[in-house]
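Overview (structure and organization)
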Amino acid sequence: TDIEDRTQALARLQQMQSDFARMNRVGIMGELAASLSHEITQPIASARNNARAALNFMDKQPPDLSEVREALGGVVGDTDRAGDIIGRIRDQVRKAPPRKDYVDLNTAISEVIALARSSIVSSGVQVRTRFADGLPPVHADRVQIQQVMLNLILNAAEAMGSMKEGARELSISTEQDRTGALVTVRDSGPGIQPAQLERVFDAFYTTKSLGTGMGLSICRSIVAAHGGRLWAEENEPHGAVFKFTVPGHEAGS
Ligand code: ADP
């Protein structure tokens, strides 16, 4: 019947949306993780060889301290090199120039919510939105801002999905602030310890067994490239709040 057809079509659409949401998120992060792991494998292997050599020279009777010193110098050099590689890749992300346009944030965010709908629903999460009326357009790369939103929404849904009890509420709002727009993504999940509120933005910081720890780090780079700021706060009585600003088109470049 017509209703069955429509139900099936809707189910397919939802599946597509969920796949797309996952692909999109794994996309940039997967690429970054792949190029990072490829490039830093070499200095890490070399550090290991040098450390092993140092151990062997220590085990000699008597220990050969000048060789130990040389091998440890090698370890320092290798780890510096690994650090440089990470820094370089992060800079590339930061420098990728956003393709800026006039973007209606409320519409852009609604699209992301629609896209993430099935992940949201399957985590048992209720979404509430409060969009500012007449929010002036921001000068931004729509797709990049949508990636930030998608990541924040999926993180929130994942965090709440892991809870055994309690309401799972995701509230998303936009408002005008002094220099442009302020977006708030608030969840009622387990939240983030005060000491970790900054650390969650570190590259590779993750508490998930399959996490890359790159999501928030990339989100912060994207927002910074737009001249805005992204930060985390605690929600009351529990949960996490992520906020970011995007300068309006007069304030932005
Ligand atoms: P990943 O999702 O791969 O772990 P992210 O950089 O997106 O990488 O997140 C880093 C960490 O920050 C997560 O592993 C989690 O511990 C924490 N986090 C992010 N969002 C939330 C949230 N909404 N609630 C609680 N913890 C969060």
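Here's what I pulled together on the structure shown here. All values reported here derive from a predicted model rather than from experimental measurement. (Residues numbered from 1 in each chain as written. Predicted model: local features only at pLDDT ≥ 70, side-chain atom pairs only at ≥ 80, totals over all residues. Heavy atoms only, no water.)

Glancing now at the nonpolar core. Core analysis: the biggest nonpolar cluster contains 50 residues, and Leu105, Met149, Leu152, Ile153, Leu170, Phe242 and Phe244 have the highest contact counts within it. It is helix α4 (residues 142-161) that provides the largest number of residues to this core, a total of nine residues. Other than its neighbours up to four places away in sequence, Phe244 contacts Ile145, Val148, Met149, Leu152, Ala181, Leu182, Val183, Val223, Arg229, Leu230 and Trp231. (Core = buried A, V, L, I, M, F, W, Y, C linked by side-chain atoms within 4.5 Å. Buried < 20%, exposed > 50% of the residue type's maximum accessible area, 1.4 Å probe, protein only. Helix = DSSP H or I, 4+ residues; strand = E, 2+ residues; numbered from the N terminus. Contact = heavy atoms within 4.5 Å.)

Around the ligand there are 20 residues in total, and Asp187, Thr206, Thr207, Lys208 and Leu216 lie nearest to it. Here Asn155 contributes a side-chain N or O atom positioned 2.9 Å from an oxygen atom of the ligand. One nitrogen or oxygen atom from the side chain of Lys208 is found 2.7 Å from an oxygen atom belonging to the ligand. Where the shell around the ligand is concerned, the elements lending two or more residues are α4, α5 (215-225) and β7 (240-247). Broken down by element, the residue count for the shell around the ligand peaks at four residues, all from α4. Partitioned by chemical class, the residues of the shell around the ligand number nine nonpolar, nine polar and two charged. (Near = heavy atom within 4 Å. Polar contact = N/O pair within 3.5 Å; in protein donor to acceptor, adjacent residues only side chain to side chain. Nonpolar A, V, L, I, M, F, W, Y, C, P; charged D, E, K, R; others polar.)

Once that is clear, we can look at the pattern of salt bridges. With the rule as written, the count across this model stands at five salt bridges. Here Lys243 ties to Glu233 by a salt bridge, and the two come within 3.6 Å at their closest N and O atoms. Highlighted residues: Lys243 in strand β7 and Glu233 in strand β6 (residues 230-234), separated in sequence by ten residues. (Salt bridge = Lys/Arg side-chain N within 4 Å of Asp/Glu carboxyl O.)

Strand order in the open sheet made by the five strands is β2-β4-β5-β7-β6, with mixed pairing throughout. In this open sheet, the two strands that pair with only one neighbour each are β2 (126-130) and β6. Taken over all neighbouring pairs, the strand axes of this sheet differ in orientation by 15° on average, direction set aside. Examined bridge by bridge, strand β5 (residues 180-187) and β7 share seven bridges and lie antiparallel to one another. (Pairing = 2+ DSSP bridges. Axes fitted to C-alpha atoms, helices over the stretch in contact; angles between N-to-C directions.)

Fair warning: the whole summary comes from geometry, so function is off the table for now.
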